[in-house]
Structure formats: structure tokens, C-alpha cells
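Chain and residue survey
Letter by letter, the chains look like this.
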Amino acid sequence: MTTVALGAGQGRTLLDPALRADFPILARTVRGGQPLVYLDTAATSQKPAAVLDAEREFYEQRNSAVHRGAHFLAEQATDAFEASRAVIAGFIGGRAEELVFTRNATESINLVAHAFSSATAKKEHGAPLPDGAERFVLAPGDEIVVTEMEHHANLVPWQELCDKTGAVLRWIGLTDEGRLDLTDLDEVITERTRVVSFVHQSNILGTVNEVAPIAARAREVGALVVLDACQSVPHMPVDVRTLGVDLLAFSGHKMLGPTGVGCLWGRAEVLAAMPPFNTGGSMIAIVTMERTTFADPPQRFEAGSPNVAQAVGLAAAVQYLERVGMPAVAAHEHVLTEYALAALAEAPGVRIIGPTTATGRGGAVSFTVAGLHPHDVGQVLDDEGIAVRVGHHCAWPTCRRFDVPATTRASFGLYNQPFEVDLLVVGIRRAQRFFGVA
Amino acid sequence: MDTLYQEIILDHYRNPVGRGLREPFEAQVHHVNPTCGDEITLRVHLEGAGESATVADISYESQGCSISQASASVMHELLVGHTVAEGMGTQEAFLGLMKSATDDSSSDPDEDVLGDALAFSGVARYPARVKCALLSWMAWKDAVTQALTPGGTP
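Predicted model only: the values in this text are computed from it and were never measured.

Here we take up the overall build of chain A. Within chain A, the secondary structure is distributed over 13 helices and 19 strands. For a compact globule of 438 residues, the expected C-alpha radius of gyration is about 22 Å, and chain A comes in at 22 Å, within 12% of that figure. Across its three principal axes, chain A shows a C-alpha extent of roughly 70 × 55 × 40 Å. The proportion of buried residues among the 438 residues of chain A is 52%. If you take every contact in chain A between residues at least 6 apart in sequence, the share linking residues at least 24 apart comes to 69%.

Moving on: the overall build of chain B. What chain B contains, in helices and strands, is 5 helices and 3 strands. For chain B, the sequential pattern of α-helices and β-strands runs α-β-β-β-α-α-α-α. Its C-alpha radius of gyration of 15 Å places chain B within 12% of the 15 Å reference for a compact globule of 154 residues. Overall, the C-alpha framework of chain B stretches about 45 × 30 × 25 Å when taken along its three principal axes. The burial tally for chain B puts 40% of its 154 residues in the buried class. Sequence-distant contacts in chain B: of pairs separated by 6 or more residues, those separated by 24 or more amount to 63%.

Below, the discussion takes up the sheet that holds strand β15 (residues 350-353) of chain A. All names here are of chain A. The 4 strands are arranged β15-β16-β19-β18 in an open sheet whose pairing can be described as antiparallel. Since the sheet does not close on itself, it has two edges, and those belong to β15 and β18 (389-391), each with one partner. In this sheet, adjacent strand axes meet at a mean angle of 30° when their direction is disregarded. Sheet topology note: the β18/strand β19 (residues 407-411) ladder contains 3 bridges and is antiparallel. Along β19, the bridge assignment pairs G391 with T407. Contacts from helix α10 (residues 326-346) reach β15, β16 (364-369) and β19 within the one sheet, and its direction differs from that of β16 by about 10°.

The pairing of strands in a sheet happens through backbone hydrogen bonds and is either parallel or antiparallel. Residue and element names in this part refer to chain A. The mixed open sheet is built from 7 strands, whose spatial order is β6-β12-β11-β10-β9-β7-β8. A single partner strand is all that each edge strand has here, and the edge strands are β6 (99-102) and β8 (168-172). In this sheet, adjacent strand axes meet at a mean angle of 20° when their direction is disregarded. Where strand β7 (residues 143-147) lies against strand β9 (residues 193-199), 3 bridges are found, and the strand directions are parallel. By the bridge assignment, E143 is partnered in β9 with T193. In the packing of helix α6 (residues 211-220) onto the sheet, the strands contacted are β9 and β10 (224-228), and the crossing angle to β9 comes to about 170°.

With that settled, consider the pairing of β10(A). Residues and elements named next belong to chain A. Extensive coverage of β10 is indicated by the burial of 5 of its 5 residues. Residue alternation in β10 divides its side chains into two sets, L224, V226 and D228 and V225 and L227, and both sets are buried. Note that β9 and β10 share 5 bridges and pair parallel. Counted as the bridge partner of F198 is L227 from β10. In this fold, β9 hands off to α6, which returns the chain to β10; that crossover is right-handed.

What follows deals with unusual backbone geometry. Keep in mind that most residues, glycine aside, have a negative phi and that most peptide bonds are trans. The residue after A:P297, namely A:P298, is reached through a cis peptide bond having omega 0°. Looking at the element boundaries, A:P298 is found in the loop between β14 (292-294) and α9 (308-324). Between B:E23 and the following residue, B:P24, the backbone shows a cis peptide bond with an omega angle of -10°. For A:L256, which is not glycine, the phi torsion reads 75° and is therefore positive. Turning to its location among the elements, A:L256 is positioned in the loop between β11 (247-251) and β12 (262-266). The exposure class assigned to A:L256 is buried, which follows from the 29 C-beta atoms found within 10 Å. Positive phi, normally seen in glycine, also occurs at A:S282, with a value near 75°. Relative to the helices and strands, A:S282 resides in the loop between α8 (268-272) and β13 (284-287).

To continue, consider the packing of helix α11 (residues 374-383) of chain A against helix α13 (residues 418-434) of chain A. When two helices pack together, their arrangement is given by the angle between the helix axes and by the axis-to-axis distance. All names here are of chain A. Two elements in contact, α11 and α13, have axes separated by 9 Å at closest approach and are oriented at 115°. Two packed elements cross with a definite hand, and for α11 against α13 that hand is right-handed. On α13, the residues touching D376, V377, V380 and L381 of α11 are G427, I428, R430, A431 and F434. Split by residue class, the contact of α11 with α13 holds 6 nonpolar, 1 polar and 2 charged.

About the cut-offs
Residues numbered from 1 in each chain as written. Chains lettered and ligands numbered in written order. Predicted model: local features only at pLDDT ≥ 70, side-chain atom pairs only at ≥ 80, totals over all residues. Helix = DSSP H or I, 4+ residues; strand = E, 2+ residues; numbered from the N terminus. Rg over C-alpha atoms; globule rule 2.2 N^0.38 Å. Buried ≥ 20, exposed ≤ 12 C-beta atoms within 10 Å, placed from the backbone. Contact = placed C-beta atoms within 7 Å. Pairing = 2+ DSSP bridges. Axes fitted to C-alpha atoms, helices over the stretch in contact; angles between N-to-C directions. Right-handed = clockwise from strand over helix to strand, strands pointing away. Left-handed = near helix turned anticlockwise from the far one by under 90°. Nonpolar A, V, L, I, M, F, W, Y, C, P; charged D, E, K, R; others polar.

Here it is in C-alpha cells:
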């Protein structure tokens, strides 16, 4: 992949805009024939032809039920599915047997929360539990720690778990700049903390959180560490061997892959200690009328017919990202983010919600425009073919923390280029003029 | 975009009618649009009983986009001073207007009933914005239903 320099002496490089041709949708027009300016990758990424081809090829050549049947296609489909698992696990430094396929990251996190409520209920009733499941058994007053910048997907499942078990939810607050306030970390994560689940890169603020200090404190008190890596795995190199977390959730559709497939990576001994999530076919060892024993991970957590074609598509997405190179993707998006932050800082009436410098931050840039509701900003931008996200971004408490009902968010992917940031800024100015606030 | 943001809508957005929470009132509701976080707190004050009661006041505090703000203002203008039965009819007509882009079976909008609310016809073409326009109208219907329920909240 060739790269071009943006600005003189920056030492950082943008990816070749030619790779936009790999994404068929970027060639279409919207709203009266205008070129699509897609600045909503944090919501979902666009897909390169390689991913679409991989899915199609699977259905055309290898489609069959996996992990059952002994015919030729069954073998090929199973091979494709399991090879995909290995490719995706390898992408984050993990092993195939540590990677569970889910529907999406939301389901991955629910799977973990469910392991706690299930282990707690089974313990109470004396039902059999996997070895090591004690660490998933909660007592009233035990504590669960999240942060104030969580996506609802990493907040609501834990609130539900608290309601089911009597555990107490606590959270790490934020600084005005939109970073985690770790000054009282030792008081938030205590001897009573059983699990710390936090976001790697905020989908609304763009903040990239340092994992090490939180994971270290969690380990000190024996708490499980869960990382919501939905916005980090697609945008930067992530290696589970050095992160120091126990479980890590991410989504396929945000990383150039298909919808309908997500992943939960877990350290082998942690997954082994977890009771199952959905139950039924494919996840069992022995079934009698009285009782069932369960398969080892990852099959234990994959009840029913899995999302095979989507897993194959996600593996193709991973291979695409590997060809570009994650350091190159991260560098590209860093340049774009710097460029956008500078342009928005100069735009009158625009307030960035989240870190205003590109250090320790990714390419999800939320902002407000004085006197304008984000819906109206988004509508004017849409009229120019610019797709942004407006609303609370499934992070309502984070909006409240910054005293805004909603924000407009531009988010970048490897296919975006600086000209699209320029169009965004022009569009914001047009919205201000249209509503008479500029 | 001018079909969406008609001048009447922008006027109501800039100078909303009936805004603020006032006494007396028989019912107060709080509605949110969970997809975008828009909120409205709305009170109704009725004079008389049942469907023939007069809508003496609709008072509200809301936060949201121009469409949702203007919609509440237009609704205030259209409903206050009319009976509950008339108001329900207007509400139905407005709902019909919002579905007009997706529902071929809906009849032509009643200009006499809808008045300024006809300006929202362009909203129907933007499905994501229909909920913005409906927020205050759904809140009003809820509040009136509660106000007319013996013993308060149904």
C-alpha cells in the first residue's frame, strides 16, 4: 500500500486515496446525485469488495452446516469457519480456541454478564458449575466498575446484573477534557470489585483509554477485566498478549466486516470457568433427559447454527486490514483526526466534546454547534451528501456529563480523506447560515 | 431541504408559542425520543368534563431539534381553545400527515383541520424526523387521556 504525505515535515502519512475504489458504496451518489461523504464509520464501516466476495464465494462454493454431517461440503464449510476463527483471533494476538463468535459486541458483553448471573443462580441452587466458576459468583454488595464514557452496551448489561444479584455498580468519572479521571481509582476499584469493564476507545468522545493502570488495579483486587474494544480493534493495533485484560469484545461490522458477527476473546482459563450463555444445539457434550454437560469453549458459547458466512466475511476484512497494516491505518486516522480537530477548533460556534488534541484519541469527533440542534446540523449535512451521526450515540450518561442533549459526530475510517473534513466544515457553516445563527 | 424546513416551521422554532410550564394543570407527562434524546415535559389544563372539555392550556418545556420544537408550538396554537374531541381529531390528522409518504391509503390532509401544521408535510419524507414531529403530539394525547381518567393516572 502506497502512502502520501499530508503537509510538509509531518512525519505522518495518509493512506493512498486509491483504496477508496475497493469500497463499492463510496462510488454511489445520494440525495440528488451528490457524491457520498461517509463520516459515520464509528456507527458502521463500509465494506471492501474483498469482504463481499468472500461471503458470496462461501455461499456459492462451500455453503453447508458446520460441525455436523460428514459430507464434502460440511467439511469445507467447517474448515472455512474454523480458519476464519484462527485468522480473526490472530489479528488481535489471540488463539483460535480463545475466540467466541457472537452476533455483535453487545452480545459479547451480555454473554459475560450472563456468566455472572448464571453462575450466581446455579451456585445458589447447587447446580453443577465449571471448575473455577467461583469468580463469577456474586454476592449482594459486590461491586462492578464501569466508566462514565461507556456505550449503553457496556452499561446496561451490568446494571441488569446488579439488579439480578444485588451487586452495586460504580464508575470512574471523567475530566472536563473527556478523559478518565483516575485520581481516585483506588477508591472506585476496591476489594469488593469483582469485575471492571471499560471502553478502550470511546465511541462518542474519541478518547483512547490507557488500559494498563486500570487493569493493574483490577488485578490487585482480583477483579476480572473486560474491555469493550469495538472502536479500537478496527482502528489501531490491538494485542491481547500485552493488554492485560481477561476478556475483550468487538464487532465485525465496525471493522469492514459484515453485520451479524461479533467476537468475544477470552483467556482460555477464564472462558473455561464460565457457564454457557444460549443453550441448545452445538454447545453440548452429553445430553440425557435429566442433565446436559457442555462443550469446551469456544463451542460452549455458540449454541445453534452459527453465522458462518459472516465469520468468513470478517476474516476477509481482517486480511484486508492486515494488508494495509494496522499501524498504517492508525497513522492515517491520526492525521485525519488532527486535521479535523484543527479545522473544527477554528470554526465559529463549534465546541468539541472530548479531547481537543489528537494524542490519546481516535477518529470519532463529537461536537456541538451553538444555537443549533444536532438533528438540524445533520439534516443540512445530509442534504449535501455528508453522512454523520446525530444523537446521544448510545452514550446518554456521557452526554449528560457534558451537559449536552446530543452531539453531531463525524467519525473516520481508512477510506476517508482530508477533503471530506473540508466539506464537513463547509456544511456546518451552511447549517449556521440556514438557521441564521452565524 | 426547503420542503422540510418550511418558513412556518422556522418561524415557530425561533418564536415558539405557549412555551413554559404553567398552573393550573390536570396532568403532566414527560416523553422522550430514545433514539435521539429529545425530551418534552407537557401539561394540559382542561375546562369541563370528558371529550367535550375545552383545552384551556397546553404548557411545555422541551429540548430538541427545530422540527420537534416547532411542532409543539404549532400544536399549542391549533389545540388550545378547542374541545378535546376536536383536538383528538387534529392529532389523528397530523398522524395521518406524518404517514402520508409511506402509506398510500391515507387520504389527503385536511387543510381546515391542520392549518399551519400542513407545513410539516415535508417531514413525512424523512422517516428519521417523523418521530421528532410527533413527540409533542403523542405527549399531548397521553396527558389528556390521563387528565380524563377518573382518579388521575390510568
